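# Reading the structure
Take a look at the letters that make up each chain.
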Amino acid sequence: MTLFRRLNFIHHQRHHLFKHRCIFSSSPSSSQYRYLGSSPFSSATIPSLQQQQPDDPAHSGTSPRSRWSSYGDIVDGHTKIAPAISDHELEERDEEKQPKDEEEEDEDDDEDEEEEVEEPRYAVTKQRERSRVKTSSSIHGGEDVLPERIISTKRSSGAKAKKQWLCSNCGYTTGKWWGICPSCELSGTMKEFHEAKVTDSDKSRAKSGLAVSEDAVGLWLPQNAAELRPIKLEEVNKGFSHQHWRIPLPGTFGTEVSTVLGGGLVPGSLTLVSGDPGIGKSTLLLQMAATIAKGHSEGKKSRVLYVSGEESLEQIGNRAERLGIKSDIYLYSSTDVEDILKKAQLLSPRAMVVDSIQTVYLKGLLASAGGILQVKECTAALMRFAKTTNIPILLVGHVNKSGDVAGPRMLEHIVDVVLYLEGEKCSSYRMLRAVKNRFGSTDELGVFEMVQLGLKAVPNASEIFITEQPTESEVLTGTAVTVLMDGSRTFLIEIQALCVCPSPIPTSSVDLQVNGIPPKRATMIKCVLIKQAGLKLQENAVFLNVVGGWKLAETAADLAVAAAICSSFMEFPIPKGVAFIGEVGLGGELRMVPRIEKRVNTVAKLGYRTCVVPKQAVKVLETEGLGNMTVIGCNNLKEVIDAIFITE
């Protein structure tokens, strides 16, 4: 007999034995029925269907696993026997077991109904295990035992925390991690966060920024459905005066700020002022609050509410006393947006300042102050309040290590105006520029100086980066002046160069050191001087510097950089009163730059006698009233060297 037929025979033998519910005993001392002969593969005598064998005492107290192992000995041994049982005892056992089986089935049905959510895969597995264990329980005398591997799939009542990935730069949210943000395409900005579990009580107490502002001042849009209709542009501008629309900011300080804002503070606008820590944001807004309070027309009192979440009232009062501010300013210290809006609604100020947006919060949101969700919803609440009450709100925003506004990028999209206060820590000058302005141009720049009494407007910002040097100085070689523009402002910048031969730096690859000039641009200008102008700069180490910490971002200073290098290499000081304006090409030619007329007019008003420009600009400047200033037009760098550094 082949192995397959043997295994098939064993399978059928086991099937018939389990079907007739026979329990076998390995004890040879009791009365016995011999089911197997001397060989495990010989024919067996099958008992009648009415016969049922009792439980073997040898198996009492054993686990189901050991019982199943003992049944496997049916075909492995030669003398496995089972005790006899009468027909009367078999009928009594069946009658006692029927009510018990019905009760167990009812309990199992109740358990199935109580389960809230059950996975289909585990449900089928559990049902199969129950049917199998019920069959084995009838063999074991009616005891229903579930194996330990059957685990409950009933889900807990609490919701599972949701994991999200958020870009710290643009606020893009996704359900999985990305090495590069799909929105802003920056690497390493995806941060993991988990949404908190929200209960029913939290949902009932939670309020968005829109709901908080509506509770404080009511809906912004009209309630009557008949009023919700498109309006013509002529009807909107009818009876509207643009001259008296903005809030005026008088004084030299106010005029400088108004220039950046586009002519004044717009009612109902939301302005964000950002900058590095300690740059002077709180000082700027406190002075703006004092200017607004003083500048109200018709002699009426103007209230300004200054809300601080970072400083106490005594600290703000001490700073106001140091700055000499005595205006109608109301101070309030709070970080609850809902409380701030209620106080502002009762006071009805002319303008409101919130310092800062990263410290305020909404009670209903399950997030800490300064978080992405809190900053977004708090800004939305303040925006709706400003549009509803027509009260302008000024916000202070912190910056991160990259210099951008801390929080989601959406914050800059919500507000109307974004202002940056910039400046070097070693310098007393501060620059206020508009990055976003819905009511004016972003080309304007305000220049201030930090003094003991706060920020002071600089009257002539064009000369703040120019140092006074002696006439016909032989020491100050390698210095050239150019004119740069930032928005509509012009600034005279001084560029210094130093050529040293032989190079003091042992590494030959490092022969150019720059400060404030793009390194690639400086390397290109040096190579053009070597190739096109014939200067032997190969063995020289060149050092370049921009006076005042200015960062060159346009090409109008190329000619001044080349002139400074020539002056230091030839050890020939540039005469006083000479300015250089133009872009240098790879062929050594001079090219035009934007707004050259305004640049040349600036140096003419400051008393400069000579200005070197590209040849194409001479015809453009003929119509300009430049006074006694001489304009020298050159086609390339060789003509510049001949005109300035070679004397007859």
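All values derive from a computational prediction rather than experimental measurement.

This part covers the overall build of the protein chain. Each helix and strand counted, the protein chain has 18 helices and 23 strands in total. For the protein chain, the residues scored as buried account for 41% of the 648 residues in total. In the form shown here, the protein chain has an accessible surface area of approximately 35,900 Å², with 51% of it arising from carbon and sulfur atoms.

Examined against the element boundaries, Thr359 turns out to sit in the loop between β9 (351–355) and α12 (372–389). Residue Thr359 is classed as buried on the basis of its relative accessible area, which comes to 18%. A polar side-chain atom of Thr359 sits 2.8 Å from the main-chain carbonyl oxygen of Ser356. Look past the residues within four positions of Thr359 in its chain and what remains in contact with it is Gly309, Glu310, Thr335 and Ala369.

With that settled, consider the sheet that holds strand β11 (residues 417–422). Taken together, nine strands build an open sheet; the order of strands is β8-β7-β9-β10-β6-β11-β12-β13-β14 and the sheet is mixed. Edge positions in the sheet fall to β8 (329–333) and β14 (454–457), since each of these pairs with one other strand and no more. Pairs of neighbouring strands in the sheet enclose a mean axial angle of 25°, with direction left out of account. The pairing of strand β7 (residues 304–308) with β8 spans five bridges and is classified as parallel. Across the sheet, the residue bridging to Val307 is Tyr332, located in β8. Packed on one face of the sheet, helix α10 (residues 313–322) meets β7 and β8 and runs near 150° to β8.

Right, let's get into the packing of helix α14 (residues 519–531) against helix α15 (residues 558–570). At a minimum axis separation of 10 Å, α14 and α15 run at an interaxial angle of 60°. In terms of orientation, α14 lies oblique with respect to α15. Crossing handedness for the pair α14 and α15: right-handed. Contacts between α14 and α15 involve Arg521, Ile525 and Leu529 from the former and Asp558, Val561, Ala562, Ile565 and Cys566 from the latter.

Looking now at the pattern of salt bridges. Throughout the structure, instances matching the rule amount to 13 salt bridges. Residue Asp339 is joined to Lys343 by a salt bridge in which the shortest nitrogen-to-oxygen separation is 2.7 Å. Taken together, the residues span about one helical turn, with Asp339 and Lys343 both in helix α11 (residues 337–347) at a distance of four residues. For the salt bridge of Glu583 with Arg521, the shortest nitrogen-to-oxygen distance reads 3.7 Å. On the criterion of sequence distance, the pair formed by Glu583 in strand β20 (residues 583–584) and Arg521 in helix α14 is long-range, its members being 62 residues apart. For Arg521, a relative accessible area of 23% gives the class partly exposed. Here the residues in one salt-bridge network are Lys387, Asp416 and Arg438, joined through shared partners.

Once that is clear, we can look at unusual backbone geometry. Of note, the bond from Asp355 into Ser356 is cis; its omega dihedral lies within 30 degrees of zero at 5°. Structurally, Ser356 can be placed in the loop between β9 and α12. Backbone geometry places Glu571, a non-glycine residue, at a positive phi of 55°. In this structure, Glu571 sits in the loop between α15 and β19 (578–580). On the basis of relative accessibility, which here comes to 65%, the residue Glu571 falls in the exposed class.

Let's shift gears to the environment of Val435. As for its placement among the helices and strands, Val435 is situated in strand β12 (residues 429–437). Taking the relative accessible area as the measure of exposure, Val435 reaches 45% and is therefore partly exposed. C-alpha separation for the pair Val435 and Leu419, spaced 16 residues apart in sequence, amounts to 5.9 Å. Excluding its chain neighbours within four sequence positions, the residues that come into contact with Val435 are Val418, Tyr420 and Thr442.

In this structure, Phe491, Leu529, Leu544, Trp550, Ile565, Phe580 and Val600 are the most contacted members of the largest nonpolar core, which totals 66 residues. Among the elements that line this core, the one with the most residues is α15, at eight residues. With residues near it in sequence (within four places) discarded, Ile565 still touches Ala497, Cys499, Leu529, Leu537, Val542 and Leu544.

Turning our attention to the packing of aromatic side chains. Across all of its chains, the model carries four aromatic pairs by this definition. Taking the centre distance of 6.3 Å and the plane angle of 85° together, the rings of Trp245 and Phe439 count as edge-to-face. One end of the pair, Trp245, is in the loop between α7 (233–237) and α8 (251–261); the other, Phe439, is in the loop between β12 and β13 (445–451), and 194 residues separate them in sequence.

On to α12. Relative to the 26 Å expected for 18 residues at 1.5 Å per residue, α12 spans 26 Å between its end C-alpha atoms, a close match to the ideal helical length. Buried residues of α12: Gln374, Val375, Glu377, Cys378, Thr379, Ala381, Leu382, Arg384, Phe385 and Ala386, and no others.

The next subject is the pairing of β11. Burial analysis of β11 places five of its six residues in the buried class, the great majority of the element. In terms of strand pairing, strand β6 (residues 270–275) meets β11 through five bridges, oriented parallel. Bridge pairing in β11 places Ser274 opposite Tyr420. Across six bridges, β11 lies against β12 in antiparallel orientation. Following the sheet pairing, Leu419 is matched in β12 by Ala434. Joining the antiparallel neighbours β11 and β12 is a turn of six residues.

Turning to helix α18 (residues 637–644), its buried residues are Leu637, Val640, Ile641 and Ile644. Buried residues along α18 cover an arc of 100° about the axis, so they all sit on one side. Sitting at the head of α18, Asn636 places a side-chain oxygen 3.2 Å from the backbone nitrogen of Lys638.

A cluster of nonpolar side chains, Ile231, Leu233 and Val236, forms an exposed patch at the surface whose accessible area comes to about 310 Å². Assignment of secondary structure puts Val236 in helix α7.

Our next topic: the confidence of the model for the protein chain. Looking at the protein chain as a whole, its pLDDT mean stands at 75, while 65% of the residues score no less than 70. Taken element by element, the protein chain is modelled with least confidence in strand β1 (residues 33–34), mean pLDDT 40, and with most confidence in β20, mean pLDDT 96. With pLDDT under 50 throughout, residues 21–84 is counted as low confidence; its partners more than four residues away or in other chains account for 113 contacts. Scored below 50 in pLDDT, residues 111–159 makes 52 contacts in the model with residues more than four places away or belonging to other chains.

We now examine the state of the cysteines. In protein chemistry, a disulfide is the covalent bond that joins the sulfur atoms of two cysteines. In this structure the tally under the stated criterion is zero disulfides. Not engaged in a disulfide, the cysteine Cys184 finds its nearest cysteine sulfur in Cys167; these two sulfurs lie 3.6 Å apart.

Mapped onto the fold, Ser274 is located in strand β6. When its relative accessible area of 0% is taken as the criterion, Ser274 is described as buried. Here Gly397 takes part through its backbone oxygen, which lies 3.1 Å from a polar atom of the side chain of Ser274. Ignoring sequence-local partners within four residues, the contact set of Ser274 consists of Lys281, Gly397, His398, Val399, Val405, Leu419, Tyr420 and Leu421.

Procedures and definitions
Residues numbered from 1 in each chain as written. Predicted model: local features only at pLDDT ≥ 70, side-chain atom pairs only at ≥ 80, totals over all residues. Heavy atoms only, no water. Helix = DSSP H or I, 4+ residues; strand = E, 2+ residues; numbered from the N terminus. Buried < 20%, exposed > 50% of the residue type's maximum accessible area, 1.4 Å probe, protein only. Areas by Shrake-Rupley, 256 points an atom, 1.4 Å probe, with all protein chains shown as cover. Polar contact = N/O pair within 3.5 Å; in protein donor to acceptor, adjacent residues only side chain to side chain. Contact = heavy atoms within 4.5 Å. Pairing = 2+ DSSP bridges. Axes fitted to C-alpha atoms, helices over the stretch in contact; angles between N-to-C directions. Parallel < 35°, antiparallel > 145°, perpendicular 65-115°, else oblique. Left-handed = near helix turned anticlockwise from the far one by under 90°. Salt bridge = Lys/Arg side-chain N within 4 Å of Asp/Glu carboxyl O. Core = buried A, V, L, I, M, F, W, Y, C linked by side-chain atoms within 4.5 Å. Phe/Tyr/Trp six-rings, centres within 6.5 Å; stacked < 30°, edge-to-face > 60°. Expected span 1.5 Å × (residues − 1). Arc of directions from axis to C-beta. Patch = residues over 30% accessible without salt bridge, like charges linked within 9 Å, V, L, I, M, F, W, Y side chains within 5 Å. pLDDT = per-residue confidence, 0-100. Disulfide = S-S within 2.5 Å.

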